[in-house]
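Results of the structural survey
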Amino acid sequence: MASRRALHYVFKVGDRTRTATFYRELLGMKILRHEEFEEGCKASCNGPYDGKWSKTMVGFGPEDDHFVVELTYNYGLGEYRLGNDFLGLTIQSSQAVSNARRLGWALTETPGGIIETLAPGGYTFLLENKEQPKSDPVQKVTLAVSELQKSLNYWSGILGMKVYDHDKEKKRALLGYADNQCKVELQDIGTSVDHGTAFGRIAISCPKDELPPIEAEIKRKNYTILTPLVSLDTPGKATVQVVILADPDGHEICFVGDEAFRELSKMDPEANKLLDEAIAADKSDEWFAKHKKPKMSA
């Protein structure tokens, strides 16, 4: 499983202006790529929505060796109902804490010394107030599960993640594919997991030859396949193959062929400009702010 790696987590966002401020000016991430689409994705990349949408990839470095964030914006949707499924993205960066204070962003210090803040849309970010490492500052993504052992059987037993830590008393476990990668933390919340209408998703790469066996194993074990193996085209870029799964609690997991994805995910030097141009051209934020109404939610 050493050839597999966690790539990114997908957030649905409704306010690109404030969202861009949070990731660029507070966290200090770079805009890696920005793409606009006229219709929904056949792998439901933008959720179960059919209209115009955009995808913006942000991170501290290229996706080849950093865990990044995918920001999905559906035109006309200004907010989403969050569930209890996503519990936080942990980042080690005292610079981000300093930036947040400078920007007047609301911060809450937890008993463990971790500083909690919310991205636009209500997503939780956990900041470790330590010097930002030269390697990837993104430490882990924490997801809620209803029964930890069942989830461990899936994420470790079937998806092949190594268990780095298993705290039975606190009902949580830390998993990953390699020591130098962002980890997935599973936290048992003792109740059912609600995904709201935001439909978060984690992406994982593997050699493309592993995709059919992954799909076959999931079928054999009678787990859920949301999107059978399919090729996704991006005009002017590489075509990638993906298979999208759902774990026992409905967390979406997208396995993508690594070879084509490395080509597709190259940083675009025009990404910042493309995002800013898209924001400037989209008058919906301005209209809804003026009328003090949220955009239509799903």
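Residues numbered from 1 in each chain as written. Predicted model: local features only at pLDDT ≥ 70, side-chain atom pairs only at ≥ 80, totals over all residues. Heavy atoms only, no water.

Thoughts on the pattern of salt bridges
The full count for this structure, using the stated rule, is 17 salt bridges. In this structure, Glu185 and Lys140 form a salt bridge, with 3.2 Å as the shortest nitrogen-oxygen distance. Of this pair, Glu185 sits in strand E12 (residues 183-188) while Lys140 is found in strand E9 (residues 138-145), placing the two residues 45 residues apart along the sequence. The salt bridge involving Glu147 is made with Lys150; its shortest N-O contact spans 3.8 Å. Shared partners join several salt bridges into a network, and the residues in it are Arg5, Asp64, Asp258 and Arg262. (Salt bridge = Lys/Arg side-chain N within 4 Å of Asp/Glu carboxyl O. Helix = DSSP H or I, 4+ residues; strand = E, 2+ residues; numbered from the N terminus.)

Observations regarding the confidence of the model for the protein
When pLDDT is averaged across the protein, the result is 92; 95% of the residues are at 70 or more. A low-confidence stretch, residues 291-298 (pLDDT under 50), is modelled with 22 contacts involving residues beyond four sequence positions or located in other chains. (pLDDT = per-residue confidence, 0-100. Contact = heavy atoms within 4.5 Å.)

Observations regarding the nonpolar core
Counting 63 residues, the largest nonpolar core has Phe11, Tyr23, Leu27, Phe125, Trp155 and Phe255 as its most contacted members. Counting residues per element, this core draws most heavily on helix H3 (residues 148-158), at 5 residues. Discounting residues that sit within four places of it in the chain, Phe125 has contacts with Phe11, Phe22, Tyr23, Leu27, Leu89, Ile91, Ile115, Glu116, Thr117 and Ala119. (Core = buried A, V, L, I, M, F, W, Y, C linked by side-chain atoms within 4.5 Å. Buried < 20%, exposed > 50% of the residue type's maximum accessible area, 1.4 Å probe, protein only.)

Some words on helix H4 (residues 211-220)
For the α-helix, the turn length of 3.6 residues means that residues three or four positions removed from each other point alike. The complete set of buried residues in H4 reads Leu211, Ile214, Glu215 and Ile218. All buried residues of H4 fall inside an arc of 95° around its axis, so they share one side. Where the residues of H4 are buried, they touch H3, strand E13 (201-206), strand E14 (224-232), strand E15 (240-246) and strand E16 (252-257). Looking at the residues trailing H4, positive phi occurs at Asn222, about 65°. (Arc of directions from axis to C-beta.)

Details of the side chain of Gln181
Tracing the backbone shows Gln181 in the loop between strand E11 (172-176) and E12. Its relative accessible area of 16% is what places Gln181 among the buried residues. Side-chain polar atoms of Gln181 contact the backbone oxygen of Arg4, separated by 3.1 Å. (Polar contact = N/O pair within 3.5 Å; in protein donor to acceptor, adjacent residues only side chain to side chain.)

Some points on the sheet that holds strand E2 (residues 30-37)
Taken in spatial order, the 8 strands make up an open sheet running E2-E3-E4-E1-E13-E16-E15-E14, and their pairing is mixed. With partners counted over all chains shown, the strands left at the sheet margins are E2 and E14, one partner each. Across the sheet, the axes of successive neighbouring strands diverge by a mean angle of 20°, strand direction being ignored. Lying over the sheet, helix H1 (residues 16-26) contacts strand E1 (5-13), E2, strand E3 (53-59) and strand E4 (68-74), oriented at roughly 170° with respect to E4. (Pairing = 2+ DSSP bridges. Axes fitted to C-alpha atoms, helices over the stretch in contact; angles between N-to-C directions.)

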